[in-house]
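Fold and geometry: a report
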Amino acid sequence: MASTRPFFCGNWKLFGSVAESVALATGVRDAVAGVSGAEVAVAPGFVALLPVIEKLRGSAIGVAAQNCHFEPKGAFTGEVSPGQLADAGCKYVIVGHSERRQLFGETDAGVARKTRAVLAAGLAPIVCVGETLAQRDANQTLQVVGTQLEAAVLELGEAELLRVVIAYEPVWAIGTGRNATPDQAREVHGYIRGRLAEKLGPRAKGLRILYGGSVKPDNVAGLLAQEDIDGALVGGASLTVDSFATIVKEGTRA
Ligand code: PGA
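Residues numbered from 1 in each chain as written. Predicted model: local features only at pLDDT ≥ 70, side-chain atom pairs only at ≥ 80, totals over all residues. Heavy atoms only, no water.

1. Focus on the side chain of Ser98
Put simply, the rule is: Only DSSP runs of H or I covering at least 4 residues are called helices, and only runs of E covering at least 2 are called strands; the numbering of each starts at the N terminus. Three exposure classes are used, based on accessible area relative to the maximum for each residue type with a 1.4 Å probe and protein chains only: buried under 20%, partly exposed in between, and exposed over 50%. In what follows, residue pairs with any heavy atoms lying within 4.5 Å of each other are defined as contacts.
Along the chain, Ser98 turns up in helix 4 (residues 98–103). Judged by its relative accessible area of 9%, Ser98 falls in the buried class. Discounting chain neighbours no more than four positions away, the residues touching Ser98 are Leu103, Val171 and Ile174.

Now the structure itself:
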């Protein structure tokens with residue numbers, strides 16, 4: 001059972017035109033309108049952020065960006081700052097997704113800088129951590145996740161740490177159709193909660209720790225039924241209204 005109000009975020013990655021993103025956002029808004037007790041967000045591509053935010057204005061659905069730069073402004077061609085995202089109306093920024101770490105060379109140190117920058121702009125970072133298959137096979141999962149947490153969030157002050165959302169996303173489960181089992185996920189979520197509790201004591205229960213990696217309508221209930229799994233970061237299955245709305249509903253009921 002989630003320890004707090006469950007949170008479901010759809011990560012649309014590099015998919016969708018502006019019109020398709022607005023249509024998907026509208027469909028999600030309508031499909032989950034009757035769901036109480038969950039927090040829902042969507043993360044469109046940059047060019048669709050403003051029209052999606054406009055479309056969702058007045059609804060309970062939040063909008064997340066998928067990335068940002070760590071500097072507030074300057075000569076950084078091609079980058080977008082957390083302040084600009086806040087100005088556009090975003091509530092969250094996904095930080096340190098494994099695709100950014102693996103394909104775009106993001107380091108723990110860079111993820112830490114982005115996390116701080118997002119918090120400084122008044123937004124909530126969704127900080128992604130997770131091990132590769134080789135690391136899991138070598139029994140290094142908790143050590144890897146621990147190092148990522150130490151770099152990105154455990155050095156934050158308490159007030160800032162309380163505003164962070166963590167997403168545990170085993171790299172081998174992302175986009176592969178092979179989700180972590182509820183037991184595998186529970187072990188890592190419990191570890192993450194423990195590390196947060198070292199800093200926050202019982203208040204660590206208030207932080208959301210999402211699971212991500214091949215979450216689907218038919219596996220979300222088993223995952224969300226676990227202690228310390230407080231929601232899901234959903235990629236592929238968030239690209240259609242039906243599957244994402246079903247995930248929100250099944251996960252909230254779990
Ligand atoms: P997936 O992606 O649900 O398609 O595995 C999850 C993510 O990358 O956040």
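We are not done yet, so read on.
2. Side note on the pattern of salt bridges
This is how it is decided: We define a salt bridge as a contact between a side-chain nitrogen of Lys or Arg and a carboxyl oxygen of Asp or Glu at a distance within 4 Å.
Inspection of every chain in the model, using the stated rule, returns 20 salt bridges. Measuring nitrogen to oxygen at the nearest pair gives 2.7 Å for the salt bridge that ties Arg193 to Asp230. With a gap of 37 residues between them, Arg193 in helix 9 (residues 182–200) and Asp230 in the loop between helix 10 (220–224) and strand 8 (231–234) connect regions that are remote in the sequence. Of the two residues, Arg193 and Asp230, both sit in the buried class.

3. Description of the pairing of strand 8
Quick note on the threshold: By the convention used here, strands pair only if DSSP detects at least 2 bridges between them.
Alternating positions in strand 8 separate into two faces, Gly231 and Leu233 on one and Ala232 and Val234 on the other, with burial throughout. In this structure, strand 1 (residues 7–11) lies alongside strand 8, joined through 4 bridges in parallel fashion. Following the sheet pairing, Cys9 is matched in strand 8 by Leu233. Inspection of the sheet shows strand 7 (residues 208–212) paired to strand 8 by 2 bridges, in the parallel sense.

4. So, helix 11 (residues 241–253)
Stated formally: Multiplying 1.5 Å by the helix residue count minus one yields the expected span of that helix.
For helix 11, spanning 13 residues, the distance from its first C-alpha to its last is 18 Å, which sits close to the expected 18 Å at 1.5 Å a residue. Against the buried residues of helix 11 lie strand 1, helix 1 (18–31), strand 2 (39–43), helix 10 and strand 8.

5. What to know about the packing of helix 7 (residues 141–152) against helix 9
Put simply, the test is: Each axis is a line fitted through C-alpha atoms, taken for helices only over the stretch in contact, and angles between the N-to-C directions span 0 to 180 degrees. Should an angle fall under 35 degrees it is called roughly parallel, over 145 degrees roughly antiparallel, and 65 to 115 degrees roughly perpendicular, with every other angle called oblique. The handedness criterion is simple: a crossing whose near helix is rotated anticlockwise from the far helix by less than a right angle is left-handed, and one whose near helix is rotated clockwise is right-handed.
At a minimum axis separation of 10 Å, helix 7 and helix 9 run at an interaxial angle of 40 degrees. In terms of orientation, helix 7 and helix 9 fall into the oblique class. As helix 7 runs across helix 9, the sense of the crossing is right-handed. Where helix 7 abuts helix 9, its residues Thr141, Leu142, Val145, Gly146, Leu149 and Glu150 lie against Glu187, Val188, Tyr191, Ile192 and Arg195.

6. Examining the nonpolar core
For the record, the criterion: We call a set of buried Ala, Val, Leu, Ile, Met, Phe, Trp, Tyr and Cys residues a nonpolar core when their side-chain atoms join them within 4.5 Å.
Residues Phe8, Val52, Val153, Ile166, Ile192, Leu196 and Tyr211 are the most contacted members of the largest nonpolar core, which totals 64 residues. One finds Phe7, Ala41, Ile94 and Val165 within the second-largest nonpolar core, a separate group that totals 14 residues.

7. Details of the packing of aromatic side chains
Rules: Ring geometry is summarised as follows: Phe, Tyr and Trp rings, the Trp one being its six-membered ring, pair when their centres sit within 6.5 Å, and such pairs are stacked at plane angles under 30 degrees, edge-to-face over 60 and tilted between the two. Two conditions define a charge located above a ring, namely a distance within 6 Å from the ring centre to NZ of Lys or CZ of Arg, and an angle within 35 degrees of the ring normal.
Enumeration according to the criterion identifies 2 aromatic pairs in this entry. Taking 5.0 Å as the distance between ring centres and 35 degrees as the angle between the ring planes, the aromatic pair formed by Phe7 and Tyr92 counts as tilted. Of this pair, Phe7 sits in strand 1 while Tyr92 sits in strand 4 (residues 92–95), placing them 85 residues apart in sequence. The ring of Phe7 has Arg208 lying over it, and the distance from NZ or CZ to the ring centre is 4.9 Å.

8. Focus on the site of the ligand
Heads up, the rule is: One heavy atom suffices: a residue is near a molecule or strand as soon as one of its heavy atoms comes within 4 Å of it. Distance and chemistry together define a polar contact, namely a pair of N or O atoms within 3.5 Å, with one atom able to donate a hydrogen and the other to accept it when in protein, and with adjacent residues in sequence counting only for side-chain atoms on both sides. We get accessible surface area from the Shrake-Rupley algorithm with a probe of 1.4 Å; when it comes to residues, only the shown protein chains can shield them. Put simply, the grid is 1 Å and covers the protein atoms alone, a cavity is a trapped set of points that fit a 1.4 Å probe, a pocket is an open set with protein on both sides within 12 Å along at least five of seven lines, and lining residues have an atom within 4 Å of a point. Cavities and pockets are treated as containing a molecule whenever more than half of the molecule's atoms lie within 2 Å of their grid points. Amino acid classes used here: Ala, Val, Leu, Ile, Met, Phe, Trp, Tyr, Cys and Pro are nonpolar; Asp, Glu, Lys and Arg are charged; the rest, including Gly, are polar.
As a matter of local geometry, the ligand sits amid 13 residues, with Lys13, His97, Glu169, Gly175 and Ser214 nearest to it. Gly236 is positioned with one of its backbone polar atoms (N or O) 2.8 Å from an oxygen atom of the ligand. Notes on the ligand: free accessible area 280 Å², of which the protein chains cover 97%. At a threshold of 2 Å from the grid points, most atoms of the ligand map onto the second largest pocket. Here the residues of the shell around the ligand sort into 4 nonpolar, 7 polar and 2 charged.

9. A look at helix 5 (residues 108–120)
Taking 1.5 Å per residue as the helical rise, helix 5 with its 13 residues ought to reach 18 Å, and the 18 Å between its terminal C-alpha atoms agrees with that figure. Considered for burial, the residues of helix 5 that qualify are Gly110, Val111, Ala112, Lys114, Thr115, Ala117, Val118 and Leu119. Those residues of helix 5 hidden inside the fold are in contact with helix 3 (82–88), strand 4, helix 4, strand 5 (124–129), helix 7 and helix 8 (158–161). The first or second residue beyond helix 5 is Gly122, which carries a positive phi of 85 degrees.

10. As for the pairing of strand 3 (residues 62–65)
To keep things clear, this is the line we draw: For a crossover, the right-handed case is the one in which the path from the first strand over the helix to the second runs clockwise, viewed with the strands pointing away from the viewer.
Residue alternation in strand 3 divides its side chains into two sets, Gly62 and Ala64 and Val63 and Ala65, and both sets are buried. Across 2 bridges, strand 2 lies against strand 3 in parallel orientation. Within the sheet, the bridge partner assigned to Ala41 lies in strand 3 and is Gly62. Read from strand 2 through helix 2 (residues 46–56) to strand 3, the crossover connection turns out right-handed. Sheet analysis places strand 3 next to strand 4, joined by 2 bridges and oriented parallel. The residue of strand 4 that forms the bridge with Ala64 is Tyr92. Note that the unit made of strand 3, helix 3 and strand 4 has a crossover that is right-handed.

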